[in-house]
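# Observations on the model geometry
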Protein chains: 4
Amino acid sequence: MSNVKLAVIFYSMGGTNLQLAKWAEEGAREAGADVRVLKVQELAPESVVQGNEVWKRTTEAMKDIPVVTSDDLEWADAIIFSVPTRFGNMPSQMKQFLDTQGGLWATGKTVNKVVSAMTSAQNAHGGQEATILSLYTSMMHWGAIIVPPGYTDPVLFGAGGNPYGTSVSVGEDGKMKDAAQAEPAVKHQAKRTVMVAEWVKKANQ
Amino acid sequence: MSNVKLAVIFYSMGGTNLQLAKWAEEGAREAGADVRVLKVQELAPESVVQGNEVWKRTTEAMKDIPVVTSDDLEWADAIIFSVPTRFGNMPSQMKQFLDTQGGLWATGKTVNKVVSAMTSAQNAHGGQEATILSLYTSMMHWGAIIVPPGYTDPVLFGAGGNPYGTSVSVGEDGKMKDAAQAEPAVKHQAKRTVMVAEWVKKANQ
Amino acid sequence: MSNVKLAVIFYSMGGTNLQLAKWAEEGAREAGADVRVLKVQELAPESVVQGNEVWKRTTEAMKDIPVVTSDDLEWADAIIFSVPTRFGNMPSQMKQFLDTQGGLWATGKTVNKVVSAMTSAQNAHGGQEATILSLYTSMMHWGAIIVPPGYTDPVLFGAGGNPYGTSVSVGEDGKMKDAAQAEPAVKHQAKRTVMVAEWVKKANQ
Amino acid sequence: MSNVKLAVIFYSMGGTNLQLAKWAEEGAREAGADVRVLKVQELAPESVVQGNEVWKRTTEAMKDIPVVTSDDLEWADAIIFSVPTRFGNMPSQMKQFLDTQGGLWATGKTVNKVVSAMTSAQNAHGGQEATILSLYTSMMHWGAIIVPPGYTDPVLFGAGGNPYGTSVSVGEDGKMKDAAQAEPAVKHQAKRTVMVAEWVKKANQ
């Protein structure tokens, strides 16, 4: 059997979700998956991005990461989303990517993707739960199989115990808080996603 | 491999969710599953139930259906919930059943259950979506694998196209509207749930 | 006391939410409000819009409607949102508008806006509830006062009884179903929103 | 004008939400409200309660607090709910109270209540957001006016910045974490609720 194909699709302005995506990649690779880390298309004008030191630096750090396309979705057995919250919901950049997949959706090609999601916010309770749940709601429209981490491993408690998906807070300095706890939680979530995708894949071969 | 074990857990006051549960049972049996149809414990006093003609009749119709226990959850590979909406959320009777499963949950025995849900309301947009989503949110805490129907079959469009789970409306006469469309949608949802549970089960044997 | 200032902010591709917005405008004017009907900026390339007959016609019909700005939000005492569902969530175009109001939000100028929302979908249960709830969740981040219609008037039952906000379905011909029932529901919702905004405004003068 | 009448309705097993309710009471009194602190009826058998040392102690501490009735809802201009999370949703005890208010609801007596909510969980991201949102969804069915705190005061950031309502975590010792930050957040939320209720009340006299 070929390996599980995992697309880690993220949006990052300050670097946090880029980091979460990389940890997910590492975890999934350790579990034997083929992984593509993919960013969504930026909607902000280039001048705005360049005018913000942190945003500019993150953009520079992501310059070799490909922009996700419908082909990546078709390729993938599993998807992990990683986005910062924007008012308790995914950012418009991710929403725009989802909204433009109507063609793929209409032909049934989004069905049975194994999906999981992660997020970040400035505050401890800053919309993390609502943001992940918003992604899962959309994935239900896609006919996806949704695999939140729940409390399937003790490392999840260390990371704040968000059963919907790993979620982190970001300090005023723009740095992720409790990164040492978040890393194993993300890796566990990635491995669990790959494991369930493997079950689905094996049965369909 | 032994058959998939499916628990159809429902609450019904007027008979609609009892009917949905029976259709799920039929669909699942056709897909080869071992099925237990199970009701949750009533919280209303017997006198209140007996004082309402419809409620009394439904209770009478369900008298041979066992009350669900933790053992049923442990037994099950997959669960289909069926509940009427109560103010955009599951009824307290179902919530009480979930809340008292803390012991099972704490020992990890709810993990990897394959879950799907159905609902009914008086109005066409009377909280059906919110009610099903409330069940899935709780199931994420249980480490479940969530399998909504999405738009995986054309019969779903006939039934109002609720991608979260089959949902119906109930007329002022207490009868389910568009039952002829709901029945195949429920059966499809049940078969899909059993199918995914089979994948999970096969991989774990 | 000056009149309540209401911003009706909508996104429309097929004309349904343009129609809902106009009904809201009429209802609010009858209740004595100053109303601005405002569209959000399109994100799709002009060529895509022009290549779709319906989308092109709607765009033409909206050409004199101004694109909403932060100034409109600052001006408004109340906001009614109207959007089609996109996978159980607001469309990216609306999300992009919200996401770019961080400046207004950070200065507290979104606080105490009186907010209500409406939606449409292809199917009867096609994400209408989830879409309206997604808007309210974001509005909670804004410190808004949220005023769903509930079941405050019998006309709401005729329109499918969505207590979160008026919601309609769209036929395969692209036409709104049950428009005769939707119109009074929208007008009631608009009047209720204006009424509550008036209470808030009066107390703050 | 008579004072705003506020019902603080809570459920508590370990004492945390009892404490949150008392802080809300204090804050609301400082804002000039008439306050009733009210518990919901326990559903667990007395023997189970007595067999758990913490639960028993909390029950003892609440013995003089009246059980909420429909009359309290009718009396109230505003309601603050306070509940622990149970799998990302309100506990069945609170749900049972809401579900049995159908009579009040059907006569329109729940309309225009000004509502806000608070919560607690074991983990930092243990369902707090989802639990508060579940309460607001039900309140939309009641025709309530929903007043989450948003980010209307700097004290909210200290308390984890949950814009939906104050939320706390509970340590393994059963004690509320960061109580010093939670207290002013609860009091601010209570005062804001009373303030908006005052606007509504004034306009209706």
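This one's a predicted model, so the numbers in the text were calculated from it and none came from an experiment.

A few words now on the overall build of chain A. When helices and strands are tallied, chain A shows 9 helices and 6 strands. C-alpha extents for chain A along the principal axes are approximately 50 × 40 × 30 Å. Put simply, chain A has 205 residues, and 63% of those count as buried. For chain A, contacts bridging at least 24 residues in sequence account for 80% of all contacts bridging at least 6. Taken as a whole, chain A presents about 7100 Å² of accessible surface, with 50% of it coming from carbon and sulfur.

What follows is about the relation of the copies chain A and chain B. Once turned by 180 degrees and shifted 0.0 Å along the axis, chain A lies on chain B with an RMSD of 0.0 Å. Viewed as a symmetry operation, the transformation between the two copies matches a two-fold axis. Looking at the rotation axis and the C-alpha trace of chain A, the residue lying nearest is I146 of chain A, at 2.5 Å. Most of the interface of chain A is mirrored in chain B: 100% of its interface residues are interface residues there too.

In terms of nonpolar packing, the biggest core is built from 68 residues, with I9, F81, M94 and Y136 of chain C together with I9, F81 and M94 of chain D touching the most fellow members. With 67 residues, the next largest nonpolar core counts W55, M90 and M139 of chain A together with V49 of chain B among its residues.

So, on to the relation of the copies chain C and chain D. With an RMSD of 0.0 Å, the fit of chain C onto chain D corresponds to turning through 180 degrees and sliding 0.0 Å along the axis. A shared binding surface is used by both copies, with 100% of the interface residues of chain C retained as interface residues in chain D.

Glancing now at unusual backbone geometry. For N112 of chain B, which is not glycine, the phi dihedral falls at a positive 70 degrees. Given the relative accessible area of 18%, N112 of chain B is considered buried. At F87 of chain D, a residue that is not glycine, the phi angle is positive and equals roughly 55 degrees. Locating F87 of chain D in the fold gives a position in the loop between β3 (78-84) and α5 (92-99). On the basis of relative accessible area, F87 of chain D is assigned to the buried category, the value being 10%.

So, about the packing of helix α7 (residues 128-141) of chain A against helix α7 (residues 128-141) of chain B. Between α7 of chain A and α7 of chain B, whose axes approach to 12 Å, the crossing angle comes to 120 degrees. Considering only the axes of α7 of chain A and α7 of chain B, their crossing is right-handed. From α7 of chain A, L133, Y136, T137 and M140 of chain A reach across to α7 of chain B, where they touch L133, Y136, T137 and M140 of chain B. When grouped by side-chain class, the residues that make up the contact of α7 of chain A with α7 of chain B number 6 nonpolar, 2 polar and no charged.

Time to look at the UniProt feature "domain: Flavodoxin-like" (unreviewed entry) in chain A. According to UniProt, the feature "domain: Flavodoxin-like" (unreviewed entry) maps to residues 6-194 of chain A in the numbering used here. Counted over residues 6-194 of chain A, helix gives 43% and strand 16%. Its end C-alpha atoms are 7 Å apart.

Our focus in this paragraph is the side chain of N162 of chain B. Within the secondary structure layout, N162 of chain B lies in the loop between α8 (155-158) and β6 (167-169). A distance of 2.8 Å separates a polar side-chain atom of N162 of chain B from the backbone nitrogen of Y164 of chain B. Looking at N162 of chain B, its side chain comes within polar contact range of the side chain of S167 of chain B, at 3.2 Å. Residues within four places of N162 of chain B in sequence aside, it is in contact with Q128, E129, I132, P149 and S167 of chain B together with H125 of chain C.

Residue and element names in this part refer to chain D. Most of strand β1 (residues 5-10) is tucked away, with 5 of its 6 residues classed as buried. Direction of pairing for β1 relative to strand β2 (residues 34-39): parallel, over a ladder of 6 bridges. Bridge pairing in β2 links L6 to V35. In this sheet, β3 lies alongside β1 in parallel orientation, the contact comprising 5 bridges. Across the sheet, I9 pairs through a bridge with F81, a residue of β3.

We now examine the environment of N89 of chain B. Considering the arrangement of structural elements, one finds N89 of chain B in the loop between β3 (78-84) and α5 (92-99). Residue N89 of chain B is classed as buried on the basis of its relative accessible area, which comes to 1%. Measuring from C-alpha to C-alpha, the distance between N89 of chain B and S120 of chain B comes to 11 Å, with 31 residues separating the pair along the chain. Setting aside anything within four residues of it in sequence, one finds N89 of chain B in contact with P84, T131 and S134 of chain B together with N89, M90, K95, S134 and S138 of chain D.

Our focus in this paragraph is the interface of chain C and chain D. Taken together, the contact pairs 26 residues of chain C with 26 residues of chain D. Considering only the surface of chain C that becomes buried against chain D, M140, H141 and W199 of chain C emerge as the three largest contributors, covering 29% of it. Run the count over chain C and chain D and you get 0 salt bridges. On inspection of chain C and its partner chain D, the count reaches 7 residue pairs in polar contact (both at pLDDT 80 or more).

Listed per partner, the contact involves 26 residues of chain A and 26 residues of chain B. Between chain A and chain B, roughly 2200 Å² of surface is buried when both sides are summed, and carbon and sulfur atoms account for 69% of that area. Here chain A and chain B share 0 salt bridges between them. Those elements giving two or more residues to the side of chain A that touches chain B turn out to be α7, β5 (145-146) and α9 (179-203) of chain A. In terms of residue count, α9 of chain A provides more of the side of chain A that touches chain B than any other element does, 6 residues in total. When the residues that make up the side of chain A that touches chain B are grouped by side-chain class, the tally is 18 nonpolar, 7 polar and 1 charged.

Basis of the calculations
- Residue positions are given per chain, counting from 1 as you read along its sequence in written order.
- Note on labels: chains are lettered from A, ligands numbered from 1, in written order.
- Since the coordinates come from a predicted model, pLDDT governs what is reported: local features require at least 70, and pairs of side-chain atoms require 80 or more to be given and counted, while whole-chain, interface and lining totals use all residues.
- Heavy atoms from the whole structure form the basis of all side-chain values; hydrogens and water molecules are not counted.
- Secondary structure follows DSSP: runs of H or I at least 4 residues long count as helices, runs of E at least 2 residues long count as strands, and numbering of each begins at the N terminus.
- The rule is simple: take the accessible area with a 1.4 Å probe, protein chains only, and divide by the maximum for that residue type; under 20% is buried, over 50% is exposed, in between is partly exposed.
- Two residues form a contact once any of their heavy atoms are found within 4.5 Å.
- Surface accessibility in these figures is a Shrake-Rupley result with a 1.4 Å probe; residues are shielded only by whichever protein chains are displayed.
- In this comparison the copies share one frame, found by least squares on the C-alpha atoms of residues holding pLDDT of at least 70 in both.
- By convention a nonpolar core is built from buried Ala, Val, Leu, Ile, Met, Phe, Trp, Tyr and Cys residues, the set being connected through side-chain atoms within 4.5 Å.
- Note on geometry: axes are lines fitted to C-alpha atoms, helical ones only across the stretch in contact, with angles between N-to-C directions running from 0 to 180 degrees.
- Less than a right angle of anticlockwise turn of the near helix away from the far helix marks a crossing as left-handed, whereas a clockwise turn marks it as right-handed.
- Each residue gets one label: Ala, Val, Leu, Ile, Met, Phe, Trp, Tyr, Cys and Pro are nonpolar, Asp, Glu, Lys and Arg are charged, and the others, such as Gly, are polar.
- UniProt positions are given in the numbering used here, feature names are shortened, and annotations may be inferred rather than shown by experiment.
- Each polar contact in these results corresponds to two N or O atoms within 3.5 Å; when the atoms are within protein, one needs to be able to donate a hydrogen and the other to accept it, and residues that are neighboring in sequence are counted only if both atoms are side-chain atoms.
- For two strands to count as paired, DSSP must find a minimum of two bridges between them.
- Once two parts are joined, some of their accessible surface, as seen by a 1.4 Å probe, is lost; buried area is that loss totalled over both.
- Here a salt bridge means any side-chain nitrogen of Lys or Arg lying within 4 Å of a carboxyl oxygen belonging to Asp or Glu.

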